[in-house]
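# An overview of the molecular structure
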Amino acid sequence: MKITGIRTFLMHVGQPDPANWASDQRSGGGASKQFGGTRNWLFLKIDTDEGITGIGECSGWPRVVETAIHDLAPLLIGEDPAHIERLWQKMHIAMMGHGMLGTVGGGAMTGIDIALWDIKGKALGVPVWMLLGGKVRERIPIYSHANTPERALALKDRGIRAIKCGGVADPVRKVAALRDAVGDDMDIAIDLHGPPWLTPADACRLVRALEPYELMWVEDPIAPENIDGYRRIRDAAHVPLAAGERSATIFGERELIEKELVDVIQPDTGRAGGITQMKKIAAMAEAHHIQMAPHSGSLGPVAEYAALHLLAAVPNALILERLDDDWDGRRQTIVPHPQQVDGLIAVPGGPGLGCDIDEAFVARFPSNGNVSVPQSAGAYNPGTDNEHLYVQTRQSRRTYFNR
């Protein structure tokens, strides 16, 4: 079997309702107005001379990643898609001359890698999880997003037992309100979104204030470059920490895992380097007693399928992030749509990934922009929104940390 071509499918996607998304940001400064945001999904298909087509998904700046995919395509055409590891290494070494691999390169390789696993599963007539060593579990637990007590209670009524809120404008009061609403039988996490909101000193103070609420984790409390800052937070508070969505490959996640700076590693299923890398990241994490909870808060449904196969096969899978009601078009994009029952999703059983996209539906939503300046909705210090700072120390500290 030989690869004959790679096709890409870029679509503009609706923005979730703020109450249903773990963020207190809003898009601005270049955002498309068609759907109130700049979220894009990028899918690709790899064709072969035996009529088997594999599907994948990429994130990490989708409009730019699409260009990277077409740049990599000549390296893959004519190759046997069965040799996934060799092709991954070939792509990686080809990009080395451009500098350290970031999420654009990682995103391009991810979609290609997922599609190669899909092809192999279809060629052998087995699901991808079988190629990864078989199933550890039949169903994958999920968590959803809730920024208000009303949203949290609605999710609880649907059988979901874990939620994540987001933002740093008023985090302690937000978590307290959610805990009061849902009681003790529902897990709560909070995403602080890394930069630009908190220095390590501020994050230490905030995480200590969140300790009484027994959170599932505190996510991205500081900028991803500040690896040493995680040790400061670790020493300051007894709260599980989670991070890793902004890095790609085992090399990008290595320090968080080897220095045991997090309790939960969160590689993004669309830009971490593909199933090939996600499996390796999970194994590295297992050796350090770290759990795996892939990031997928802005991803489309093909990456979700890839995550389901991975989490079915790795022993240290914790939970999957899932926004099943973020945009009405999600269900029309994928065939079949995963079925969620009482906060669990059954592991797919078809050959390969077991899914496909509706190409005609995707084509109805061309991309209209994929970059914006985050508007903080109170997360910056008052009066500094227009400075767009990457690092900022909290002012009015007594008021902020003692709500």
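The rules we used
Residues numbered from 1 in each chain as written. Predicted model: local features only at pLDDT ≥ 70, side-chain atom pairs only at ≥ 80, totals over all residues. Heavy atoms only, no water. Helix = DSSP H or I, 4+ residues; strand = E, 2+ residues; numbered from the N terminus. Buried < 20%, exposed > 50% of the residue type's maximum accessible area, 1.4 Å probe, protein only. Contact = heavy atoms within 4.5 Å. Areas by Shrake-Rupley, 256 points an atom, 1.4 Å probe, with all protein chains shown as cover. Core = buried A, V, L, I, M, F, W, Y, C linked by side-chain atoms within 4.5 Å. Polar contact = N/O pair within 3.5 Å; in protein donor to acceptor, adjacent residues only side chain to side chain. 1 Å grid on protein atoms, 1.4 Å probe; cavity = no way out; pocket = protein on both sides within 12 Å on 5 of 7 lines; lining within 4 Å. Points joined across faces, edges and corners; volume = space filled by probe spheres on them. Nonpolar A, V, L, I, M, F, W, Y, C, P; charged D, E, K, R; others polar. Domains from an automatic or database assignment. Buried area = accessible area lost by both parts, 1.4 Å probe. Salt bridge = Lys/Arg side-chain N within 4 Å of Asp/Glu carboxyl O. UniProt positions renumbered as here; feature names shortened; annotations may be inferred. Axes fitted to C-alpha atoms, helices over the stretch in contact; angles between N-to-C directions. Parallel < 35°, antiparallel > 145°, perpendicular 65-115°, else oblique. Left-handed = near helix turned anticlockwise from the far one by under 90°. Phe/Tyr/Trp six-rings, centres within 6.5 Å; stacked < 30°, edge-to-face > 60°. Lys NZ or Arg CZ within 6 Å of the ring centre and 35° of its normal. Pairing = 2+ DSSP bridges. Right-handed = clockwise from strand over helix to strand, strands pointing away.

## As for the overall build of the chain
Helix and strand counts for the chain come out as 14 helices and 15 strands. With 403 residues in all, the chain has 58% of them scored as buried. In the chain, 75% of the contacts between residues at least 6 apart in sequence involve partners at least 24 apart. Working note: accessible area of the chain is about 15600 Å², and carbon and sulfur atoms make up 52% of it.

## A few points about the nonpolar core
Within the largest apolar cluster, 63 residues are counted, with the highest numbers of intra-cluster contacts made by Val218 and Ile265. For this core, the leading source of residues is helix α7 (residues 200–210), giving six residues. Among all residues touching Ile265, those that are not within four sequence positions of it are Ala243, Gly244, Glu253, Leu256, Ile257, Ile281, Ala285, Ile290, Gln291, Met292 and Ala293. Among the nonpolar cores identified, the runner-up in size contains 48 residues, and Ile3, Val13, Ala73 and Ile112 belong to it.

## Notes on the side chain of Glu79
Relative to the helices and strands, Glu79 is located in the loop between α1 (62–76) and α2 (84–95). Glu79 gets classed as buried once you look at its relative accessible area, which sits at 13%. Among the polar contacts made by the side chain of Glu79, one reaches the side chain of Lys90 at a distance of 2.7 Å. Residues contacting Glu79, with those up to four places away along its chain left out, are Met1, Lys2, Ile3, Arg86, Leu87 and Lys90.

## Observations concerning the layout of surface pockets
There is about 370 Å³ of room inside the second largest pocket. Among the secondary structure elements, those contributing two or more residues to the lining of the second largest pocket are α2 and α9 (249–258). No other element matches α2, which puts four residues into the lining of the second largest pocket. Classifying every residue of the lining of the second largest pocket by side-chain character gives eight nonpolar, eight polar and one charged. Taken domain by domain, the makeup of the lining of the second largest pocket includes at least three residues from each of domain 1 (3–125) and domain 2 (131–357).

## Notes on the domain arrangement of the chain
Domain boundaries assigned for the chain yield domain 1 (3–125) and domain 2 (131–357). Spacing between the C-alpha centres of domain 1 and domain 2 amounts to 21 Å. Taken together, the contact pairs 47 residues of domain 1 with 52 residues of domain 2. Across the domain 1 to domain 2 interface the summed buried area is about 3600 Å²; carbon plus sulfur atoms make up 63%. Contact with domain 2 buries area across many residues of domain 1, yet Ala22, Trp41 and Trp117 alone supply 17% of it, more than any other trio. The tally of links from domain 1 across to domain 2 stands at three salt bridges.

## With respect to the UniProt feature "domain: Mandelate racemase/muconate lactonizing enzyme C-terminal" (unreviewed entry) in the chain
Mapped onto the present numbering, the UniProt feature "domain: Mandelate racemase/muconate lactonizing enzyme C-terminal" (unreviewed entry) falls at residues 149–240. In residues 149–240, helix accounts for 46% and strand for 14%; the two terminal C-alpha atoms are 23 Å from one another.

## Details of the packing of α2 against helix α3 (residues 103–124)
The description of two packed helices rests on the angle between their axes and on the distance between the axes. Two elements in contact, α2 and α3, have axes whose closest approach is 10 Å; the angle formed by their N-to-C orientations is 165°. Comparing the axis directions of α2 and α3 gives the class roughly antiparallel. At the point where α2 passes α3, the crossing takes the right-handed sense. From α2, Ile84, Leu87, Trp88, Met91, His92 and Met95 reach across to α3, where they touch Gly105, Met109, Ile112, Asp113, Leu116, Trp117 and Lys120. For the contact of α2 with α3, the residue count by class is nine nonpolar, two polar and two charged.

## Quick look at the packing of aromatic side chains
A complete count under the given rule lists six aromatic pairs for this structure. Aromatic rings pair up to connect Trp41, Phe43, Trp327, Phe361 and Phe365 into one cluster. Across the ring face of Tyr400, the terminal group of Arg394 is positioned such that the distance to the ring centre comes to 4.1 Å.

## Observations concerning the side chain of His145
For His145, the location among the structural elements is in strand β4 (residues 139–145). We classify His145 as buried; its relative accessible area is 2%. There is a polar contact of 2.8 Å between the side chain of His145 and the backbone nitrogen of Ala22. If sequence neighbours within four positions are ignored, His145 has contacts with Asn20, Trp21, Ala22, Arg151, Leu155, Lys164, Glu321 and Leu323.

## Here we look at the pattern of salt bridges
Using the criterion set out here, one finds 26 salt bridges in the structure. Between Glu255 and Lys259 there is a salt bridge, with its nearest N and O atoms 2.9 Å apart. Classification of Glu255 as partly exposed rests on a relative accessible area of 31%. In this structure, the salt-bridge partner of Asp268 is Arg271, at a minimum N-O distance of 3.9 Å. Each member of the pair, Asp268 together with Arg271, is buried. Sharing partners across several salt bridges, the network here consists of Arg7, Lys45, Asp47, Asp356 and Glu359.

## Looking at the environment of Met95
Here Met95 is to be found in helix α2. Residues Met95 and Gly300, 205 residues apart in the sequence, show an inter-C-alpha distance of 26 Å.

## Focus: the pairing of strand β5 (residues 162–166)
Buried residues dominate β5, accounting for five of its five residues. Along β5, one buried face is formed by Ala162, Lys164 and Gly166 and the opposite face, lined by Ile163 and Cys165, is buried too. Relative to β5, β4 runs parallel, the two being bridged by two bridges. Within β5, the residue paired with Ser144 across the bridge is Ile163. Running through helix α5 (residues 149–157), the crossover from β4 to the neighbouring parallel element β5 is right-handed. Note: β5 against strand β6 (residues 187–191), five bridges, orientation parallel. Bridge pairing in β6 links Cys165 to Ile190. Viewed along the sheet, the connection from β5 through helix α6 (residues 171–182) into β6 turns out right-handed.

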